[in-house]
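Structure assessment
Spelled out from the first residue to the last, the chains are:
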Amino acid sequence: MKNKQIATFGGGCFWCIEAVVQQLKGVEKVVSGYAGGKETTPNYRSVCSGQTGHAEVVQVTFDGAVISYEDLLLIFMTSHDPTTLNRQGADKGTQYRSIILYHNEEQKAIAEKTIDALKELFPNPIVTELVALEKFYPAELYHQNYYNNNSHAGYCQIVINPKIKKLKQYYAEWLKK
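Residues numbered from 1 in each chain as written. Predicted model: local features only at pLDDT ≥ 70, side-chain atom pairs only at ≥ 80, totals over all residues. Heavy atoms only, no water.

In this section: the UniProt feature "domain: Peptide methionine sulphoxide reductase MsrA" (unreviewed entry) in the chain. Here the UniProt feature "domain: Peptide methionine sulphoxide reductase MsrA" (unreviewed entry) sits at residues 7-157. Between the end C-alpha atoms of residues 7-157 there is a gap of 27 Å, over a span that is 31% helix and 25% strand. (UniProt positions renumbered as here; feature names shortened; annotations may be inferred. Helix = DSSP H or I, 4+ residues; strand = E, 2+ residues; numbered from the N terminus.)

Pasting the structure below:
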């Protein structure tokens, strides 16, 4: 990988964001996990309680020479609803909030610019949190590569498939062959 970079963000269930981002050119690895809270040993049960402060997120390793951080954020921000506070569809709670966890000041500046540029696209204010990444905690193994391993499951059919369809409709040029 020529220009290896890492991005971390969340917008609802990590299975959804993981499934979308895995489709993109330049994306080498996507790990579902937890970040943005204070609990030092988060797991799915504790994060779902809403008591840890963590959000469900994905950490994406990508080649910045193939897809820029800005393009990755644009696709992320338009693949979920960044205007709903602490929820995405039926998934409700602080763990499902829209959040960008930047790794450095350059990512922060790009994220601020991207959010500002998208304000006119949405009828309601964007509520996506923008915070420095302190620590990323990988989720349990059964959450990894969830859509690819469980595409027949009801949640995947009802919630994730429409996101994949939208991705193919609007961002076909970014899809892996």
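There is more to say, and it comes next.
Turning our attention to the nonpolar core. Looking at soluble globular proteins, one finds that nonpolar side chains tend to be buried together. F9, L24, V60, L72 and I100 are the most contacted members of the largest nonpolar core, which totals 44 residues. Where this core is concerned, the elements lending two or more residues are strand 1 (4-11), helix 1 (14-21), strand 2 (27-35), strand 3 (55-63), helix 3 (69-79), helix 4 (105-118), helix 5 (146-150) and helix 6 (154-170). Those residues in contact with V60 that lie beyond four places of it in its chain are Q5, I6, A7, F9, V21, V27, K29, V30 and L72. Within the second largest apolar cluster, seven residues are counted, among which are A35, I99, L101 and F136. (Core = buried A, V, L, I, M, F, W, Y, C linked by side-chain atoms within 4.5 Å. Buried < 20%, exposed > 50% of the residue type's maximum accessible area, 1.4 Å probe, protein only. Contact = heavy atoms within 4.5 Å.)

The subject of this paragraph is helix 6. When the terminal C-alpha atoms of helix 6 are compared, their 24 Å separation across 17 residues agrees well with the 24 Å that a helix rising 1.5 Å per residue should span. Of all bends in helix 6, the biggest is about 40 degrees, found at I160, and the proline P162 comes one to four residues later. All of the buried residues along helix 6 are C156, I160, K163, I164 and L167. Next to the buried residues of helix 6 lie helix 1, helix 3 and helix 5. (Expected span 1.5 Å × (residues − 1). Bend = angle between axes of the 7 residues up to and from the residue.)

For the rest of this paragraph, the subject is the sheet that holds strand 6 (residues 98-102). The sheet built from six strands is open, its strands ordered 7-6-1-3-2-8 with mixed pairing. Pairing within the sheet leaves two strands with one partner each, and these edge strands are strand 7 (129-132) and strand 8 (137-138). Across the face of the sheet, helix 1 comes into contact with strand 1, strand 2 and strand 3 while running at roughly 170 degrees to strand 2. (Pairing = 2+ DSSP bridges. Axes fitted to C-alpha atoms, helices over the stretch in contact; angles between N-to-C directions.)

What follows deals with the pairing of strand 7. Sheet topology places strand 6 next to strand 7; four bridges connect them, and they run parallel. Within the sheet, the bridge partner assigned to L101 lies in strand 7 and is V131.

Moving on, we get to the pairing of strand 6. Counting buried residues along strand 6, five of its five residues qualify, which places the element largely inside the surrounding structure. Side chains S98, I100 and Y102 of strand 6 all project onto a buried face; the interleaved residues I99 and L101 project onto the opposite face, where all are buried too. Judged from the four bridges that link them, strand 1 and strand 6 form a sheet pairing that is antiparallel. Bridged to G11 within strand 6 is S98. Handedness of the crossover joining strand 6 and strand 7 through helix 4 is recorded here as right-handed. (Right-handed = clockwise from strand over helix to strand, strands pointing away.)

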